[in-house]
Amino acid sequence: MNDMNWYSVYPEIVLLVMALAVAMIDLFVTDEQRRPTYWLTQLTLVVVGAMHLVYFQDGRTEIGMQGMIVSDPMGHLLGFFACVATFVTLVYARPYAGVRDILKGELFTLSLLSLLGIMIMLQANNFLVVYLGLELMSLSLYALVALRRDHAGSTEAAMKYFVLGALASGFLLYGLSMMYGATGSLDIGRVFEVIATGAPNKSVLVFGVVFVVAGLAFKLGAAPFHMWVPDVYQGAPTAMTLLLGAAPKLASFAITIRLLVEGMMGLAFDWQQMLLVLAVASLLLGNLAAIAQSNLKRMLAYSTIAQMGFMLLGLASGVVGDNRDLAANAYSSALFYVIVYVLTTLGSFGVILLLSRQGHEAEEIKDLAGLAKRSPWYALVMTIFMFSLAGIPPTAGFYAKLSVLQAMVATNVPFYIGLAVVAVLLSLVGAFYYLRVIKVMFFDDASDTAPITAPGDVRAVLSLNGLAVIVFGLLPGGLMAWCAQAMVKLLSA
């Protein structure tokens, strides 16, 4: 690993330059549909995503910028899927935003800047860089949630998100400052080395880990730090809900790996127990609370909490014993899980955006009533997404859950095997509210018989989104191999 040149950070440079270009060009755009800036934004996402995919295939791990940035396969794989998630989100969001007077240059510029913050977090190798990326992403998302200024629900959601997001950032920053005080370094690799020597004050380190895990749990939306998720998901414009519910989860996963696995593995006994508590609490609260919801966005928010709990079980399974192969298997299963979750979330909210129209938000479960009669194809696509979230074969969600459970059982620790059983039982509880959505679509009478219309690009991308969830369920080997390659490289670096 040597000091890298500018070539390895070209994706971030391109993203920054184009975000500024979109902001400037939009000043001269008179088209109400913002076609020039929309297509320029989408072209940027395609180019940056392709660059990340090329770098991932290259497979090198390099540290540069005086040790502040790491260029490795995990960062580039997540960077590729973050670009895909943002691209798909903007395709779904454009018709929705157009009839709500929020299809403006700010939407595209802030989306690119939030993605830039995500990219910075994905390649961070220093506490300050982690925080820089986190704040760039968060501040952009705060503004996006509040973009519909004349809507009381949106501004309230933005305030809640801002206050609780600032609290989360404070937790994380305080924890990182304690780690710096105990180890004398801000570089993640150096912190790992110092902790491994056993020299630092253990009590200060443990306190630091507690605050770091609390801050990460806020960003992941894990219980009991979940309180912002349901209110913000429900109150934000649906397009913005998707922007903050998809790609940012990839960044949260990445900094969890960077900080806990790459930086604080010597304290794994402490943070592993915290992750297990967060995981079980998230599964329990998320699945049980979702049953009582009638608002579809709020139900999906509690679903997200439960899904993050399942992912955390995979992360916690990677620190049992010293077997590096088992660790790589556990982390790759968690990585596969979060990617599949993002793909499924994109489609689920894509259908909600499709059904929303001028003067009507398709936010209640009852708004899906009779969808199978109005549009059998969209009802089928939504069924695929609900099956995936529930973990029903042959969808990708089934294999994602199976891979996490397999990683837990592979530890051969009775406690983990017991947790796997608990996770399966709670997933059965969760299947109820997903299947309820399908029941409403196919068996309830439609309250609205208006025809469903959508632009060609939305129909095509939504169909491909559903197809991808099926393909990754039937043929998961390719994506799983990519995840395994990324984690093996990360652990051997």
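Draft legend 1. Summary view of the overall build of the chain. Counting its secondary structure elements, the chain contains 20 helices and two strands. Against the 2.2 N^0.38 benchmark of 23 Å for 493 residues, the chain shows a C-alpha radius of gyration of 21 Å, consistent with a compact globule. Along the first, second and third principal axes, the C-alpha atoms of the chain reach 70 × 55 × 40 Å. Nonlocal contacts in the chain, meaning residues at least 24 apart in sequence, comprise 82% of its contacts between residues at least 6 apart. Just so you have it, the chain exposes about 18,000 Å², and 68% of that area is on carbon and sulfur atoms. Side-chain charges in the chain split into 26 positive and 28 negative, and the spacing between the mean points of these groups amounts to 6 Å.

Draft legend 2. A look at the packing of aromatic side chains. Per the counting criterion, the structure on display carries 16 aromatic pairs. Look at Tyr142 and Phe162: their rings are 5.3 Å apart centre to centre, the planes differ by 85 degrees, and that puts the pair in the edge-to-face class. Of this pair, Tyr142 sits in helix α5 (residues 127–145) while Phe162 is found in helix α6 (residues 152–183), placing the two residues 20 residues apart along the sequence. Owing to a relative accessible area of 9%, Tyr142 belongs among the buried residues under this scheme. Ring-pair connections join several aromatic residues into one group, and the members of that group are Phe171, Tyr174, Phe211, Phe218 and Phe225. The positively charged end of Arg94 is found above the aromatic ring belonging to Tyr38, 4.3 Å away from the centroid. A cation sits over an aromatic face here: Arg100 above Tyr96, 3.9 Å from the ring centre.

Draft legend 3. Structural view of helix α4 (residues 105–122). With 18 residues, α4 extends 26 Å between its outermost C-alpha atoms, agreeing within 8% with the 26 Å of an ideal straight helix rising 1.5 Å per residue. Where burial is concerned, most of α4 is hidden: 16 out of the 18 residues are buried.

Draft legend 4. Molecular detail of helix α1 (residues 10–25). End to end, α1 covers 22 Å across 16 residues, agreeing with the expected 22 Å (1.5 Å per residue, within 8%). Inspection of α1 places Pro11, Glu12, Leu15, Ala19 and Val22 among the buried residues, and these make up the whole buried set. Relative to the axis of α1, the buried residues are bounded by an arc of 95 degrees and lie together on one face. Counted as exposed and oriented over 90 degrees from the buried face of α1: Leu20 and Met24. Structurally, α1 contributes buried residues whose contacts are with α2 (35–58) and α4.

Draft legend 5. Region of interest: a nonpolar patch on the surface. There is a patch of nonpolar side chains on the surface, built from Val409, Ile417, Val421, Val424, Leu425 and Leu428 and spanning about 500 Å² of accessible area. In terms of residue count, helix α18 (residues 414–443) provides more of the nonpolar patch than any other element does, five residues in total. By relative accessible area, Val421 is classed as partly exposed at 47%.

Draft legend 6. Broad picture of the packing of helix α13 (residues 296–316) against helix α16 (residues 376–390). Where α13 meets α16, the closest approach of the two axes is 12 Å, and the angle between their N-to-C directions is 35 degrees. Residues Leu296, Leu300, Ser303 and Gln307 of α13 pack against Met382, Met386 and Leu389 of α16. For the contact of α13 with α16, the class distribution of residues is five nonpolar, two polar and no charged.

Draft legend 7. Geometry of the environment of Ile291. If you trace the backbone, Ile291 turns up in helix α12 (residues 268–291). Between the C-alpha atom of Ile291 and that of Met74, which follows or precedes it by 217 residues, the distance is 35 Å. Beyond its immediate sequence surroundings of up to four residues, Ile291 is in contact with Val429, Phe432, Tyr433 and Arg436.

Draft legend 8. View of the nonpolar core. Counting residues in each nonpolar core, the largest one holds 184 residues, and the members touching the most others are Trp271 and Ile339. In terms of residues, this core owes the most to one element, helix α14 (residues 324–355), which gives 20 residues. Ignoring anything within four residues of it in the chain, the contact list for Trp271 reads Val209, Val213, Leu260, Val261, Met264, Met265, Val319 and Tyr331.

Draft legend 9. Structural detail: the packing of α16 against α18. For the pair α16 and α18, the least separation of the axes is 9 Å and the interaxial angle reads 170 degrees. Judged on the interaxial angle alone, α18 and α16 are roughly antiparallel. Of α18, the residues touching α16 (which contributes Ala379, Met382, Thr383, Met386, Phe387, Leu389 and Ala390) are Ala431, Tyr434, Leu435, Val437, Ile438, Met441 and Phe442. Broken down by class, the residue content of the contact of α16 with α18 amounts to 13 nonpolar, one polar and no charged.

Calculation rules
Residues numbered from 1 in each chain as written. Predicted model: local features only at pLDDT ≥ 70, side-chain atom pairs only at ≥ 80, totals over all residues. Heavy atoms only, no water. Helix = DSSP H or I, 4+ residues; strand = E, 2+ residues; numbered from the N terminus. Rg over C-alpha atoms; globule rule 2.2 N^0.38 Å. Contact = heavy atoms within 4.5 Å. Areas by Shrake-Rupley, 256 points an atom, 1.4 Å probe, with all protein chains shown as cover. Lys, Arg positive; Asp, Glu negative; His and termini not counted. Charge placed at Lys NZ, Arg CZ, Asp CG, Glu CD. Phe/Tyr/Trp six-rings, centres within 6.5 Å; stacked < 30°, edge-to-face > 60°. Buried < 20%, exposed > 50% of the residue type's maximum accessible area, 1.4 Å probe, protein only. Lys NZ or Arg CZ within 6 Å of the ring centre and 35° of its normal. Expected span 1.5 Å × (residues − 1). Arc of directions from axis to C-beta. Patch = residues over 30% accessible without salt bridge, like charges linked within 9 Å, V, L, I, M, F, W, Y side chains within 5 Å. Salt bridge = Lys/Arg side-chain N within 4 Å of Asp/Glu carboxyl O. Axes fitted to C-alpha atoms, helices over the stretch in contact; angles between N-to-C directions. Nonpolar A, V, L, I, M, F, W, Y, C, P; charged D, E, K, R; others polar. Core = buried A, V, L, I, M, F, W, Y, C linked by side-chain atoms within 4.5 Å. Parallel < 35°, antiparallel > 145°, perpendicular 65-115°, else oblique.

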